[in-house]
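Survey of secondary and tertiary structure
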Amino acid sequence: MKYTEDHEWLSLDGDVVTVGITDHAQEQLGDIVFIELPEVGTQVSKGDEIVVIESVKAASDITAPLDGEIVEVNEAIVENPASVNEDAEGSAWFFKVKVEGTAQLDDYLDEDAYKDLIG
Amino acid sequence: MADLKTTPLHALHLELGARMVPFAGYEMPVQYAIGVMKEHQHTRAAAGLFDVSHMGQVLLTGSQAAAELESLVPQSILGLDEGRQRYAFFTDSNGGILDDLMVANRGDDFFVVVNAACKEDDIAHLRSGLTLTEVTEVTDRALIALQGPAAEAALSRIVPVTDMGFMSVATLPSPFGGLWISRSGYTGEDGFEISVQEGQAEAFARALLEMEEVEPIGLGARDSLRLEAGLCLYGHDIDTTTDPVQANLTWAIQKVRRPSGSRSGGYPGDGVIGRKLSAAEVDLDDARRVGLIPEGRAPMREGVILFEAEDAALPVGRVTSGAFGPTVGHPISMGYVPARLSAVDTRLWGEVRGKRLPVRVAALPFRPATYKR
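About the cut-offs
Residues numbered from 1 in each chain as written. Chains lettered and ligands numbered in written order. Predicted model: local features only at pLDDT ≥ 70, side-chain atom pairs only at ≥ 80, totals over all residues. Heavy atoms only, no water. UniProt positions renumbered as here; feature names shortened; annotations may be inferred. Contact = heavy atoms within 4.5 Å. Buried area = accessible area lost by both parts, 1.4 Å probe. Salt bridge = Lys/Arg side-chain N within 4 Å of Asp/Glu carboxyl O. Polar contact = N/O pair within 3.5 Å; in protein donor to acceptor, adjacent residues only side chain to side chain. Helix = DSSP H or I, 4+ residues; strand = E, 2+ residues; numbered from the N terminus. Nonpolar A, V, L, I, M, F, W, Y, C, P; charged D, E, K, R; others polar. Domains from an automatic or database assignment. Pairing = 2+ DSSP bridges.

Taking an unreviewed UniProt entry as the reference, chain B is identified by name as aminomethyltransferase belonging to Tropicimonas sediminicola. The Sequence similarities (unreviewed entry) field of the UniProt record for chain B holds the comment "Belongs to the GcvT family." Looking at chain B in UniProt, the text filed under Catalytic activity (unreviewed entry) is "N(6)-[(R)-S(8)-aminomethyldihydrolipoyl]-L-lysyl-[protein] + (6S)-5,6,7,8-tetrahydrofolate = N(6)-[(R)-dihydrolipoyl]-L-lysyl-[protein] + (6R)-5,10-methylene-5,6,7,8-tetrahydrofolate + NH4(+)".

As annotated in an unreviewed UniProt entry, chain A carries the name Glycine cleavage system H protein and is attributed to Tropicimonas sediminicola. Under Function (unreviewed entry), UniProt gives the following word-for-word description of chain A: "The glycine cleavage system catalyzes the degradation of glycine. The H protein shuttles the methylamine group of glycine from the P protein to the T protein."

To continue, consider the interface of chain B and chain A. Every contact between the two is made by 13 residues of chain B and, on the other side, 17 residues of chain A. Counting each side, the surface lost to burial between chain B and chain A is near 1200 Å², with a carbon and sulfur contribution of 47%. A per-residue breakdown of the area chain B buries against chain A is headed by B:Arg297, B:Arg301 and B:Arg353, which together make up 46% of the total. Applying the counting criterion to the chain B and chain A interface returns four salt bridges. Across the pair B:Arg301 and A:Glu54 runs a salt bridge, and its minimum N-O distance is 2.7 Å. Counting across the interface, chain B meets chain A through nine residue pairs in polar contact (both at pLDDT 80 or more). If you tally residues by element for the side of chain B that touches chain A, the top one is helix 2 (residues 36-45) of chain B, at three residues. Each residue belonging to the side of chain B that touches chain A can be placed in one class, and the counts come to five nonpolar, two polar and six charged.

With that out of the way, let us pick up the domain arrangement of chain B. Residue and element names in this part refer to chain B. Annotation of chain B at the domain level lists domain 1 (1-279) and domain 2 (281-373). For domain 1 and domain 2, the distance between their C-alpha centroids amounts to 26 Å. Tallying the contact residues gives 32 residues for domain 1 and 28 residues for domain 2. Summed over both partners, the interface of domain 1 with domain 2 buries about 2600 Å², with 50% contributed by carbon and sulfur atoms. Here domain 1 is connected to domain 2 by three salt bridges. Between Lys 276 and Asp 286 there is a salt bridge, and its shortest N-O distance comes to 2.7 Å. For the side of domain 1 that touches domain 2, the residue count by class is 12 nonpolar, 11 polar and nine charged.

As a further point, take the sheet that holds strand 9 (residues 95-98) of chain A. Residue and element names in this part refer to chain A. A sheet is described by the order of its strands in space; here six strands give the open sequence 1-2-3-9-8-5, paired in antiparallel fashion. The sheet is open, and its two borders are formed by strand 1 (2-3) and strand 5 (43-44), each paired with just one other strand. Two strands pair when backbone bridges link them, and strand 2 (residues 8-13) and strand 3 (residues 16-21) are joined in this way by six bridges, in the antiparallel orientation. Paired with Leu 12 across the bridge in strand 3 is Val 17.

Put into structure tokens, the structure is as follows:
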């Protein structure tokens, strides 16, 4: 598992990376009431704003952590946004992105470094 | 958070794990551990305790207090019976709203509660407008709201409030000193607002919070509760650019103060407001505050611009408050649109993150109030 400084988690399986937000992130956001996911097939570049999350407090974006193609999105969290508050690092993943080469992941934090980041 | 004022319940908020934020010059709890959504739902299901001590508490004393206050508000104050409270607003010479407030006739004086952000201006406005009346800011009392279906049962364990009706007021002795109680609030729920001596405030709040049905509630849930109840937040849904007709608050102007009433006019902006109240035909281009329900799930928050059609070039209005409504289970907003577009079910478009999304005009409140009549 890798982590971004924007509080996303990345889990690699072959050339497909599953992306979600961390438990810390959902705690900071508060109760989540709306999620908009990208369409399957979209080509994304690192830094693109591809997900919108609205909590009871505010709207925030999630950016693509990697270059690649969106191959699957988790419609269950669109139907039930509150599930992200319950299981952010498990069943409530956001999208899967197929990447060209996994070297892109090397830039990101490991679990210890992420824990240091959130203190 | 330097330079921010605190309320008598500040230490208790910290002990309860509140997340504190700056609000109207005060450091206030926006939420506690259970979070905004559960706090909202708890208030609708049982009882929520809110610290509203940042609001201004003012006493008006003197035989001319009611008559003089009528020179600043379009409400009937002379007609407000002893033991009763009324919603009112200060208007300016253009008919705009300077602040909204609660006025209670306590017999010996009038007790006024104003918004925190406006209180200094309001007190100055009262002092200059009420020359024969003593205007005293109450600075040694906290103000606590207890709201929800279990509020009566909870407060009754401390003082006898069961016989109080909606918008009645009473001063009652208690183990926490004299409590100035009104049966009112700003959540759409039955409940009470209680003014208590600052030295007794924490003990009083603790006594309530020890009860099974009572949870502390922050400003976050207070905002979603009042929005579901269709109630205006000053500085957002109403301000000096909106008059009471535009703001859909004409229900709060009693007949006696309207054109052809026996005490019509005589308040700032009476010309503008009076003309609109007596107009034979509504000006269809004049703005109206309306409820709005987005057709999709994306909340339309304050600042979202409204259009008459998906491809219209020019906006017709804007959202002034918007959030997810936990009790109604979908996003809700309030905003201003021209009167011609204010009928319930009118379809409009709100621009969210560059996309035009459909939204319908809806009746207010979004959730019916449960006041004890």
